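Topology and contacts: notes
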Amino acid sequence: MKYPADYYFTKEHEWVHLNGDTAFIGLTELAKQELQEILSIEIHKMGENLSADQAFGRIRSCRYLGKLVMPFAGKIIAVNEAYCSDPKLFNSCFDEEHWIVKVKLIEPVDRSRLLDQNSYKSYKANNYLHLVKYLLN
């Protein structure tokens, strides 16, 4: 999948689009493939100041229950309700409008914590999918 050049990625397979003092976070194609059919998404931390690596929501699929993890300090100021309320959209290809949350940055982003496209391609080729997930029986 080809993402826009100014997108970044996390080791938890979320994409990040930085836009001034806000950021949009969504799921990468690899995460969607691994999760398979996504049934629901929940955001628990709307409006709270969150630190890097703090869980802010969860995704339930037919196989897993996974955590969504904040890649930097910020406050969730919007949830993409149209996207999150229709789990079938999760199973479609990447679209810039398929973000999950919009985040107001609390401090400048440490870009060394994020992967650019080339680093992400190398990372995903050399590592198994690292979603924080729990196998559902």
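Residues numbered from 1 in each chain as written. Predicted model: local features only at pLDDT ≥ 70, side-chain atom pairs only at ≥ 80, totals over all residues. Heavy atoms only, no water.

**With respect to the pattern of salt bridges**
Where we set the bar: The salt bridge definition used is simple: a Lys or Arg side-chain nitrogen within 4 Å of an Asp or Glu carboxyl oxygen. We count a stretch as a helix when DSSP gives it H or I for four or more residues in a row; a strand needs E for two or more, and each element gets its number in order from the N terminus. Exposure classes here rest on a 1.4 Å probe applied to the protein chains alone. A residue is buried below 20% of its type maximum, exposed above 50%, and partly exposed in between.
Taken as a whole and judged by the stated rule, the model has four salt bridges. Between aspartate 21 and lysine 104 there is a salt bridge whose closest N-O contact spans 2.3 Å. Note that aspartate 21 is positioned in the loop between strand 2 (14-19) and strand 3 (22-27) and lysine 104 in strand 9 (residues 101-105), a separation of 83 residues in sequence. Judged by relative accessible area, aspartate 21 falls into the partly exposed class, the value being 41%. The class of lysine 104 is partly exposed, set by a relative accessible area of 34%.

**Structural notes on the environment of leucine 35**
Assignment of secondary structure puts leucine 35 in helix 1 (residues 29-35). The spacing of leucine 35 and cysteine 62 is 27 residues in sequence and 7.6 Å in space, taken between C-alpha atoms.

**Here's the deal with the packing of aromatic side chains**
Where we set the bar: The criterion for an aromatic pair is that two Phe, Tyr or Trp rings (for Trp, the six-membered ring) have centres within 6.5 Å, with stacked assigned to planes under 30 degrees apart, edge-to-face to planes over 60 apart and tilted to the rest.
Counted under the stated rule, the structure contains four aromatic pairs. Taken together, a centroid distance of 4.9 Å and an interplanar angle of 70° make the contact between tyrosine 3 and phenylalanine 9 edge-to-face. Accessibility assignment for this pair places tyrosine 3 and phenylalanine 9 in one class, buried. The interplanar angle of 65° and the centroid separation of 5.3 Å between the aromatic rings of phenylalanine 24 and tryptophan 99 together place this pair among those described as edge-to-face. Within this pair, whereas phenylalanine 24 is found in strand 3, its partner tryptophan 99 is found in the loop between helix 2 (81-84) and strand 9, the two being separated by 75 residues in sequence. In this structure phenylalanine 24 comes out as buried when scored by relative accessible area, which is 16%. Under the relative-accessibility criterion, tryptophan 99 is labelled buried at 15%. Aromatic rings pair up to connect Tyr3, Phe9 and Tyr120 into one cluster.

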